[in-house]
Every structure is written in structure tokens, then in C-alpha cells.
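Reading the structure
This is what each chain is made of:
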Amino acid sequence: NGNQNNQHHYDETLWIDHRRGDCAIPCKRNKGNNRNSDNGDDSSNNNSESLLLYKGKTGILAAGTSPFYGGGLRLFPFARLIPGKMHLRLGRIHPLTGFINIPKIFEGSYRDRSDDKFGCLDFLGTDFEVRLTKRSFPLQHSGESVGTVEHFRLQAMKTPVRFVSFMEPRVVVDGDDDSNKDDNDE
């Protein structure tokens, strides 16, 4: 097939530029020093396919395949950017900054425009492993507490789950609504 050369390869983890939100850059191991940016050395990891994306403190680590967390909070604005990937978000902003920016955070438009602070780290991928180094922390799944953990793994399903909705469609596409037919149409 001649079109295969023009297709993008999205099997790798992508970093979303926190300043703009419109640029996805593949996360790759830097040649020579096995480091990704300034986030820490991953050379101690025995799994040659793994890559350390971040090492340090964070206020929240959350992931989702749907943009909305609940109550209209668009916590994962890049969740459906690429089918089959989940959005992993690390929030490192000061609580006061979060409070001041609640409307932007809620609508999914908050961007940390600094070049050096990285207040919000966003990644798209299919498989993330999280290890906590100091102590265990509480874990929630779909808003429900599942206890405390020191290590967990998040994986996107390879086959999407389809849900059935018995609600009427919110948007009617031209030609889908029979109420617009003229009485003369048969």
C-alpha cells in the first residue's frame, strides 16, 4: 500500500507541550545518557522498553481515556486526541495557582506558560507504570477508594468498550430527523 509511508506511528508515548497544548512530541530515550529531559536517570530500570518520564514530587497524578473526570471537570483535555491512548496528567502547580485558575482548569484550557516550571505534565500513551518512592498513597479508581499503593500500572484497552445509551440524541444531524419531512414526502 503506497499510503503507509504517510501514516503516523503512534505506538510510542507522547509528551504534550504544556505551554500550548497543540504539540505532541514523542518521548524517546536520549542517546548516550539514558535520560529524558531533566526528569531523572532511568538507567537503573532493567526493562529495556521502559522510559522514565518523570521523577519528583507531584500534587496529583491522574489518567483517563475520556476528557471529563466528573461534574463537567475536563481534567484530561487530550484524552481523545489519539484513539487507543490515555491521557496521563501530573499536576505540580501550587494550590493557590489552582484556586485562581479553577475556571480554566474546569474547562480544560489551563496552560502553564512557563518554560521552566512544568506545572502540568501531560502524556499520551497506552501503558504507564507508577512507583512511589517515599511512602504509599491513596488510590482512587473512578472516584472510588481502592486503598493505598506503592506501585501501580495503568493500561489502555486495545479494543474500545462500546456502551449503549437509551437517551435521545442531543444533536440531530440533517436527514436523521423524520419530523422535518414535508407532508408531501413519501
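Figured I'd write up the structure that's included with this text. Since the model is a prediction, treat every value here as computed from it, not as a measurement.

Conventions and cut-offs
- Residues numbered from 1 in each chain as written.
- Predicted model: local features only at pLDDT ≥ 70, side-chain atom pairs only at ≥ 80, totals over all residues.
- Heavy atoms only, no water.
- Helix = DSSP H or I, 4+ residues; strand = E, 2+ residues; numbered from the N terminus.
- Buried < 20%, exposed > 50% of the residue type's maximum accessible area, 1.4 Å probe, protein only.
- Core = buried A, V, L, I, M, F, W, Y, C linked by side-chain atoms within 4.5 Å.
- Pairing = 2+ DSSP bridges.
- Axes fitted to C-alpha atoms, helices over the stretch in contact; angles between N-to-C directions.

1. Describing the environment of Asp17
Its location among the elements puts Asp17 in the loop between strand E1 (14-16) and strand E2 (24-26). A residue is classified by how much of its surface remains accessible, and Asp17, at 7% relative accessible area, is buried. Along the sequence, Asp17 and Phe123 sit 106 residues apart, while their C-alpha atoms lie 9.1 Å from each other.

2. As for unusual backbone geometry
Despite not being glycine, Ser142 has its phi angle at roughly 55°, a positive value. Inspection of the secondary structure assignment puts Ser142 in the loop between strand E7 (137-141) and strand E8 (144-149).

3. Structural notes on the nonpolar core
Core analysis: the biggest nonpolar cluster contains eleven residues, these being Trp15, Cys27, Leu53, Tyr54, Met86, Leu88, Leu90, Leu121, Phe123, Phe128 and Ala156. Elements supplying a minimum of two residues to this core: strand E4 (86-91) and strand E5 (120-125). A per-element tally of this core places E4 first, with three residues.

4. Section: the sheet that holds E2
Overall, antiparallel pairing links the five strands, which are arranged E2-E1-E5-E4-E3 in an open sheet. Edge positions in the sheet fall to E2 and strand E3 (60-64), since each of these pairs with one other strand and no more. Neighbouring strand axes in the sheet, compared pairwise and without regard to direction, differ in orientation by 25° on average. The sheet contact formed by E1 and E2 spans three bridges and is antiparallel.

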